[in-house]
Amino acid sequence: MPTFRAPRGTRDLLPEDRAVFDRLMRLGADLTHRYGYRAIETPLFEQAAVFERGIGEVTDVVEKELFRIAPRTEEAESWALRPEPTAGIVRAYVQHGMQTWPQPVKLTTTGPMFRYDRPQAGRYRQFWQFDVEAIGDAGPAIDAEIIELGHRFYAEAGVEGVEVLVNSIGDPACRPAYIATLTEYYRGHAAKLPPTEMDRLERNVLRLLDSKDPDMAEINAAAPRITDHLCEACSAHFESVKAHLTALGVPFRVDSGLVRGLDYYTRTAFEFYVAGRAGQQQALGGGGRYDGLVALLGGKPTPGIGFGLGLDRVALVLAEQGHIVPTDTSPLAVVVSADPDDTISRLRIASLLRGARLAVRADLGRRKLGRQLEGAGKDGTHFAVILGDELADGHVQVRDLQAGTQRVVALDDLARELARAEASHHHG
Ligand code: AMP
């Protein structure tokens, strides 16, 4: 047993894992560029109140999972690591007066999020999200555009069979009446409610709908549906979102039990699943409209919509579906030398080639040439640059480790020759 291990609920992304994340992050950057988003970075921690207010006090994320930072004595501030990026981005929108920019302001970020949850498969205390936010457009067209962006991300990442679940959770005009109806329904079943749900019933009844408690499944299945209680404006909005999705060819299913874990959502809510695996632990990503959030965090009332896609889960599904392709990270060439002690020449030539933007390894061991060459081909390196007596008059030997051929090349031509060989190797 090693003395130190990564903290519970976190994991190291070893180079092979990191390469998958890299590919997903590049895809996210490319895709958001195509859709007109600009990248933003906000701090990994904020005043806890940003999340308490922005996410809602009666949510799992704030009640149980907020990763609080113990305050230092000299600072009275209360901080927390971000459990999701939206509240921080909206805080930045308000702080920097982005409401005076052309609307909507379309922002994207990718990075680690923190939730002090009980760790299990696909549920970590530090996990990565690819996030997209469009602030300042009331929709409904942009709702569909964002859902299509998310759906395309999975398609281009190579995840098979991703299904979109959508719902509308109403707005301040129609939700209060629905909440009253729902509360009455659950009160009627009070005898069967587990204690935690009983407690939430009076504080935030919507939470009961996405309860993870198996005892709730039957009661929830018969609960009044929000989609039957939408006001005319919310209903028209929802119909239009669905019409846009259909026109864009995005496959979706309405799930009236989908209320999302966070308080600030209004109207459109959606989640992405691999078909047939719907369930709390399996959501690949989710998002929704948050028309009340900007005002809640001190800005003037401004609509917004966004999503967060969990990269850890995408990587897991890609592995399960057999789509993780090992990345070729071997260098183009390795520099070896006939003189076991001459590490200076090896580094000098390697440095020259690296300056010409080539990927080159220098064998810095003090081994005989034969042993250096033996090691050279093992990692898939294509060429060995061999430094011998010819170096004195500006020449080296270049061995093609795959073809087994070898020839003398002038140092002046070396970078160009290797670059040309690399290009023809990659294209041929
Ligand atoms: P949420 O804001 O809870 O809907 O999270 C959005 C997405 O982030 C989820 O659909 C998951 O893919 C991912 N996610 C959320 N929490 C975790 C976690 N604890 N570990 C790994 N991924 C998570």
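All of these numbers come straight from a predicted model, not from anything done at the bench.

Caption draft 1: Quick look at the pattern of salt bridges. Counting across every chain of the model gives 20 salt bridges. Asp-413 is the partner of Arg-416 in a salt bridge, and the nearest nitrogen-oxygen pair spans 3.7 Å. Linking Arg-416 with Asp-413, this pair stays in helix H15 (residues 411–427), spanning 3 residues, or about one helical turn. Look at Arg-416 and you get exposed, because its relative accessible area is 52%. Here Asp-413 falls in the partly exposed class, since its relative accessible area comes to 29%.

Caption draft 2: Inspection of the site of the ligand at higher detail. Residues in close proximity to the ligand total 13 residues, the closest being Arg-115, Tyr-124, Gln-129, Arg-260 and Ala-283. Gly-122 is positioned with one of its backbone polar atoms (N or O) 3.5 Å from a nitrogen atom of the ligand. One of the backbone N or O atoms of Leu-284 is found 3.1 Å from an oxygen atom in the ligand. Protein chains bury 91% of the 480 Å² of accessible surface belonging to the ligand in isolation.

Caption draft 3: The arrangement of helix H14 (residues 369–376) in detail. For H14, the complete set of buried residues consists of Gln-372, Leu-373 and Ala-376. Axial view of H14: buried residues confined to an arc of 95°, hence all on one face. Buried residues belonging to H14 abut strand S12 (333–337), helix H13 (343–355), strand S13 (360–362), strand S14 (383–387) and strand S15 (395–400).

Caption draft 4: A look at the sheet that holds strand S2 (residues 45–47). In space, the 3 strands of this open sheet follow the order S2-S4-S3, with antiparallel pairing throughout. With one partner strand each, in any of the chains shown, S2 and strand S3 (68–69) form the two edges of the open sheet. Direction of pairing for S3 relative to strand S4 (residues 79–81): antiparallel, over a ladder of 2 bridges. Counted as the bridge partner of Ile-69 is Trp-79 from S4. On the sheet, helix H2 (residues 48–55) packs against S2, S3 and S4 and is oriented at approximately 80° with respect to S2.

Caption draft 5: Quick look at the packing of aromatic side chains. Counting across every chain of the model gives 11 aromatic pairs. Ring centres of Phe-270 and Phe-272 lie 5.8 Å apart, and the angle between their planes is 80°; on these two criteria the pair is classed as edge-to-face. Per residue, the accessibility class of Phe-270 equals that of Phe-272, and both read buried. Judged by centre distance (6.3 Å) and plane angle (85°), the rings of Phe-272 and Phe-307 are edge-to-face.

Caption draft 6: Up close: the nonpolar core. Counting residues in hydrophobic clusters, the biggest one holds 86 residues, and the most contacted among them are Ile-147, Phe-153, Tyr-154, Val-159, Tyr-186, Phe-270 and Phe-272. In this view, Val-159 contacts Tyr-154, Val-274, Leu-284, Val-314, Val-317, Leu-318 and Gln-321; residues no more than four positions away in its chain are not counted. Residues Leu-332, Leu-353, Leu-411 and Leu-418 belong to the second largest nonpolar core, which totals 19 residues.

Conventions adopted
- Residues numbered from 1 in each chain as written.
- Predicted model: local features only at pLDDT ≥ 70, side-chain atom pairs only at ≥ 80, totals over all residues.
- Heavy atoms only, no water.
- Salt bridge = Lys/Arg side-chain N within 4 Å of Asp/Glu carboxyl O.
- Helix = DSSP H or I, 4+ residues; strand = E, 2+ residues; numbered from the N terminus.
- Buried < 20%, exposed > 50% of the residue type's maximum accessible area, 1.4 Å probe, protein only.
- Near = heavy atom within 4 Å.
- Polar contact = N/O pair within 3.5 Å; in protein donor to acceptor, adjacent residues only side chain to side chain.
- Areas by Shrake-Rupley, 256 points an atom, 1.4 Å probe, with all protein chains shown as cover.
- Arc of directions from axis to C-beta.
- Contact = heavy atoms within 4.5 Å.
- Pairing = 2+ DSSP bridges.
- Axes fitted to C-alpha atoms, helices over the stretch in contact; angles between N-to-C directions.
- Phe/Tyr/Trp six-rings, centres within 6.5 Å; stacked < 30°, edge-to-face > 60°.
- Core = buried A, V, L, I, M, F, W, Y, C linked by side-chain atoms within 4.5 Å.

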